[in-house]
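Structural features, examined
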Amino acid sequence: MPTLPSALTVSSSELPPLDLFAAIHERRTVDLAQLRPDLISKATLETLLEAANWAPSHGQTEPWRFAVFTGEGRGVLATTLATSLALIKGQTQPDPETLRLEHERKRLAPVWLAVAVEPAEKPSMPLHEEQWAVACAVQTLMLAARSLGIGSKWISNPPSLHPNTARSLGFSERASMMGVMFLGYPAGEWPSGKRRPVADKVRWFEDESGV
Ligand SMILES: Cc1cc2nc3c(=O)[nH]c(=O)nc-3n(C[C@H](O)[C@H](O)[C@H](O)COP(=O)(O)O)c2cc1C
């Protein structure tokens, strides 16, 4: 089993962590319907958040903010997202059926996270750079999760980005949402992935010899 820095010691995963390149290639977005109901321990979640906290940020602003929802706590996120959806539709409150469905959906994954960006006051950076840093943190978290056999999905639908969601979940006045995520152990095979060739996305400027 590879040695991990002490802050990243795995306390609850059943399998040895995947190495970095395997986790990169095999990280896959999983669907809610593909998850086992198994819980993810708090120690494991702390390991994943600690990994995310090592993302880079311009000016060391560390603008990533997370809210974690497990167990009954998932209901807080469900009610918040249903209310944000109602506001988007010009209603003041969610209708009971939407609320019920949202709560049901939240119970399909053992862990949900809300992801926000809180731009630093000083040094002041362009918002997009702060958002890029948060995206780095999310990817780090998803790779660490994959390494421990945990699937993930990042969702950025309108309710997850709505200002009501940020305020209701207690993020600061300066913060704005970057979506929600869920985590869970997949029930069966990992979904397979596909990418167009990287060569189509890269131009090289180099010595004629190619070295
Ligand atoms: C910034 C971001 C936002 C995303 N938002 C959604 C979303 O709202 N709904 C969704 O179904 N998938 C969303 N995804 C997941 C992508 O659909 C998924 O990453 C893509 O299909 C590639 O699959 P893979 O993650 O298994 O490689 C998002 C991914 C990223 C990076």
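Up top you'll find the structure we're talking about.
All values derive from a computational prediction rather than experimental measurement.

Calculation notes
Numbering of residues starts from 1 in each chain and follows the order in which that chain's sequence is written. A pLDDT threshold of at least 70 governs which residues receive local features in this predicted model, and a stricter bar of 80 or more applies before side-chain atom pairs are shown or counted, although totals over entire chains, interfaces and linings include all residues. Side-chain descriptors were evaluated using all non-hydrogen atoms of the structure, hydrogens and water having been removed beforehand. Note on definitions. A residue lies near a molecule or strand when any single heavy atom of the residue is within 4 Å of it. As used in this structure description, the phrase polar contact means that two N or O atoms lie within 3.5 Å; if the pair is within protein, one of them must be able to donate a hydrogen and the other to accept it, and residues adjacent in sequence are counted only when both atoms belong to side chains. Here, Shrake-Rupley sampling with a 1.4 Å probe gives the accessible areas, and only protein chains in the shown set may cover a residue. When residue character is reported, Ala, Val, Leu, Ile, Met, Phe, Trp, Tyr, Cys and Pro are called nonpolar, Asp, Glu, Lys and Arg charged, and the others, Gly included, polar. The way it works is that DSSP assigns letters per residue, a run of H or I at least four long becomes a helix, a run of E at least two long becomes a strand, and they are numbered from the N terminus. Contacts were defined at the residue level, with two residues in contact if any of their heavy atoms lie within 4.5 Å. Patch criteria: residues need more than 30% relative accessible area and no salt bridge. Like-charged residues are merged within 9 Å; nonpolar side chains of Val, Leu, Ile, Met, Phe, Trp and Tyr are merged within 5 Å. One side-chain nitrogen of Lys or Arg within 4 Å of one carboxyl oxygen of Asp or Glu is enough to make a salt bridge. Relative accessibility under 20% of the residue-type maximum defines a buried residue, over 50% an exposed one, and the middle range a partly exposed one, all with a 1.4 Å probe and only protein chains included. Definition of nonpolar core: a set of buried residues of the types Ala, Val, Leu, Ile, Met, Phe, Trp, Tyr and Cys, connected through side-chain atoms within 4.5 Å. Paired strands are those between which DSSP finds at least two bridges. Orientation is described by axes fitted as lines to C-alpha atoms, over the contacting stretch for helices, and by angles from 0 to 180 degrees between their N-to-C directions.

Side note on the site of the ligand
- The environment of the ligand is made up of Arg 27, Arg 28, Thr 29, Lys 153, Trp 154, Ile 155, Ser 156, Asn 157 and Arg 195.
- Here an oxygen atom of the ligand and a side-chain polar atom of Arg 28 are 2.9 Å apart.
- Here an oxygen atom of the ligand sits 2.5 Å away from a polar atom, N or O, in the side chain of Thr 29.
- Starting from 620 Å² of accessible surface for the ligand in isolation, the protein chains cover 53%.
- Here the residues of the shell around the ligand are counted per class, giving two nonpolar, three polar and four charged.

Notes on the side chain of Thr 61
- Within the element layout of this structure, Thr 61 appears in the loop between α2 (42-52) and β1 (64-70).
- Residues in contact with Thr 61, not counting those within four places in the same chain, are Ala 120, Pro 123, Met 125 and Glu 130.

A closer look at a nonpolar patch on the surface
- Taken together, the side chains of Leu 20, Phe 21 and Ile 24 make up a nonpolar region of the molecular surface, amounting to roughly 310 Å² of accessible area.
- A relative accessible area of 57% means that Phe 21 is categorised as exposed.

A word on the side chain of Glu 118
- When you line up the elements, Glu 118 lands in the loop between β2 (111-117) and α5 (127-147).
- Taking relative accessible area as the criterion, Glu 118 reaches 15% and is therefore assigned buried.
- Within the structure, Glu 118 has its side chain in polar contact with the side chain of Arg 65 (distance 3.4 Å).

Section: the nonpolar core
- Ranked by size, the top nonpolar core spans 25 residues in total, and within it Ile 40, Leu 48, Val 134, Ile 150, Met 181 and Leu 183 carry the most contacts.
- Elements with a minimum of two residues in this core: α2, β2, α5 and β4 (176-184).
- Residue contributions to this core peak at eight residues, all from α5.
- Those residues within four positions of Val 134 in sequence are excluded, and the remaining contacts are Pro 63, Trp 64, Val 115, Ala 116, Val 117 and Met 178.
- Judged by nonpolar contacts, the second largest core, of 19 residues, contains Ala 166, Leu 169, Val 180 and Phe 182.

Here we look at the sheet that holds strand β3 (residues 151-155)
- Here we have four strands laid out as an open sheet, ordered β1-β2-β4-β3, and antiparallel in their pairing. For this open sheet the edge positions go to β1 and β3, each flanked by a neighbour on one side alone. Between one strand axis and the next, the sheet turns by 20° as a mean value, whatever way the strands run.
- The pairing of β3 with β4 spans five bridges and is antiparallel. Counterpart to Gly 151 in the pairing with β4 is Gly 184.
- Contacts from α2 reach β1, β2 and β4, with the element oriented near 165° to β1.

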